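# Descriptive structure summary
Take a look at the letters that make up each chain.
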Amino acid sequence: AQKVTQAQTEISVVEKEDVTLDCVYETRDTTYYLFWYKQPPSGELVFLIRRNSFDEQNEISGRYSWNFQKSTSSFNFTITASQVVDSAVYFCALIGGSQGNLIFGKGTKLSVKP
Amino acid sequence: DAGVIQSPRHEVTEMGQEVTLRCKPISGHDYLFWYRQTMMRGLELLIYFNNNVPIDDSGMPEDRFSAKMPNASFSTLKIQPSEPRDSAVYFCASSFGPTGPGELFFGEGSRLTVL
């Protein structure tokens, strides 16, 4: 069975604070793909990143960074110097092996206050 | 380039009526997905197609739900008869994955309210 757990339901920070969103996954596949999506208040789902199970290098994109650790089955997402525009629900998701379907976590609602 | 296009964006209907949601995937994509989002259950996969063929429909709630993909550029999700508990946002997504799952591109969603 495949599963994605985002234990943090809601997080509230003040602008310019750093914030980390946790994601823990379960899969029996040796090949799998992990994703993060952002859903702003307007409702659309915006792709942020895709990583495959063979690439554990951390990735940085501007204020965003991702820490992938297979040893702990985690794929955490950090926003540095958060801004009000970062307020959204963030989803971690998983595709395992030869499957095509994306399994989502429940999401973490991030509120960044000025 | 056009993204995934869904229609209608909003639908309000009465219990018992038939509802049809439509999706046009991104040209060239070979996977198409239908998801449903509710506060209680989050994002749930209903069904997905690969090259117009349904691969996994285990997420379809019951026989009232049906989905078709008659060609590579069009898919429908039908609910007949609709019930208030079907109220949700329905997302269509497509991806291109000949060598493995690619990024899913989502439409803007169809918000369904069943009274």
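Residues numbered from 1 in each chain as written. Chains lettered and ligands numbered in written order. Predicted model: local features only at pLDDT ≥ 70, side-chain atom pairs only at ≥ 80, totals over all residues. Heavy atoms only, no water.

## Topic: the environment of Lys24(B)
Residue and element names in this part refer to chain B. Position of lysine 24 among the secondary structure elements: in strand β3 (residues 19-24). Residue class for lysine 24 comes out partly exposed when judged on its relative accessible area of 41%. Along the primary structure lysine 24 and threonine 76 are separated by 52 residues, whereas in three dimensions their C-alpha atoms are 9.0 Å apart. With residues up to four places along the chain from it excluded, the contact list for lysine 24 reads Gly3, Val4, Ile5 and Ser73. (Helix = DSSP H or I, 4+ residues; strand = E, 2+ residues; numbered from the N terminus. Buried < 20%, exposed > 50% of the residue type's maximum accessible area, 1.4 Å probe, protein only. Contact = heavy atoms within 4.5 Å.)

## Some thoughts on the interface of chain B and chain A
Across the contact, 19 residues belong to chain B and 17 residues belong to chain A. Both sides together, the interface formed by chain B and chain A hides about 1,500 Å², and carbon and sulfur atoms give 60% of it. At the surface where chain B touches chain A, the tally comes to four residue pairs in polar contact (both at pLDDT 80 or more). Considering only residue class, the side of chain B that touches chain A consists of 11 nonpolar, five polar and three charged. (Buried area = accessible area lost by both parts, 1.4 Å probe. Polar contact = N/O pair within 3.5 Å; in protein donor to acceptor, adjacent residues only side chain to side chain. Nonpolar A, V, L, I, M, F, W, Y, C, P; charged D, E, K, R; others polar.)

## Describing the state of the cysteines
The final tally for this structure, using the stated rule, is two disulfides over all chains. The residue that forms a disulfide with Cys23(A) is Cys92(A), at a sulfur-sulfur distance of 1.9 Å. Linking Cys23(A) and Cys92(A), the disulfide has an S-S dihedral of approximately -65° and is accordingly described as left-handed. With a gap of 69 residues between them, Cys23(A) in the loop between β3 (19-21) and β4 (24-26) and Cys92(A) in strand β10 (residues 88-96) connect regions that are remote in the sequence. The buried category is assigned to Cys23(A), whose relative accessible area is 0%. Two residues share a disulfide in this structure: Cys23(B) and Cys92(B), whose sulfurs sit 1.9 Å from each other. Measuring handedness by torsion sign, the sulfur bridge of Cys23(B) and Cys92(B) sits at about -70° and is left-handed. Here Cys23(B), found in strand β3, pairs with Cys92(B), found in strand β9 (residues 88-95); they are 69 residues apart in sequence, far enough to count as distant. The pair formed by Cys23(B) and Cys92(B) is uniform in burial state, with each residue classed as buried. (Disulfide = S-S within 2.5 Å.)

## Some words on the pairing of strand β2 (residues 10-14) of chain A
Residue and element names in this part refer to chain A. The side-chain alternation of β2 yields one buried face, formed by Ile11 and Val13, and one unburied face, formed by Glu10, Ser12 and Val14. As defined by bridge partners, β2 adjoins strand β12 (residues 108-113) across five bridges and the pair is classed as parallel. Opposite valine 13, over in β12, you have valine 112 as the bridge partner. (Pairing = 2+ DSSP bridges.)

## Some details on the packing of aromatic side chains
For the coordinates displayed, the defined rule picks out 22 aromatic pairs over all chains. Each ring, one from Phe35(A) and one from Phe47(A), has its centre 6.4 Å from the other, and the planes form 70°; the classification is edge-to-face. A residue pair is termed long-range when its members are at least 10 positions apart, and Phe35(A) in strand β5 (residues 32-39) and Phe47(A) in strand β6 (residues 46-52) qualify at 12 residues. Exposure remark for Phe35(A): the relative accessible area of 0% places this residue in the buried category. Judged by relative accessible area, Phe47(A) falls into the partly exposed class, the value being 25%. Arranged with centres 5.8 Å apart and planes meeting at 50°, the rings of Tyr35(B) and Phe106(B) form a pair that is tilted. Residue Tyr35(B) is located in strand β4 (residues 31-38), and its partner Phe106(B) is located in strand β10 (residues 105-106); the two are separated by 71 residues in the primary sequence. Comparing Tyr35(B) with Phe106(B), the two get one shared label, buried. Members of the aromatic cluster, connected to one another through ring pairs, are Phe35(A), Tyr37(A), Phe47(A), Phe91(A), Phe104(A), Tyr31(B), Phe33(B), Tyr35(B), Tyr48(B), Phe91(B) and Phe106(B). (Phe/Tyr/Trp six-rings, centres within 6.5 Å; stacked < 30°, edge-to-face > 60°.)

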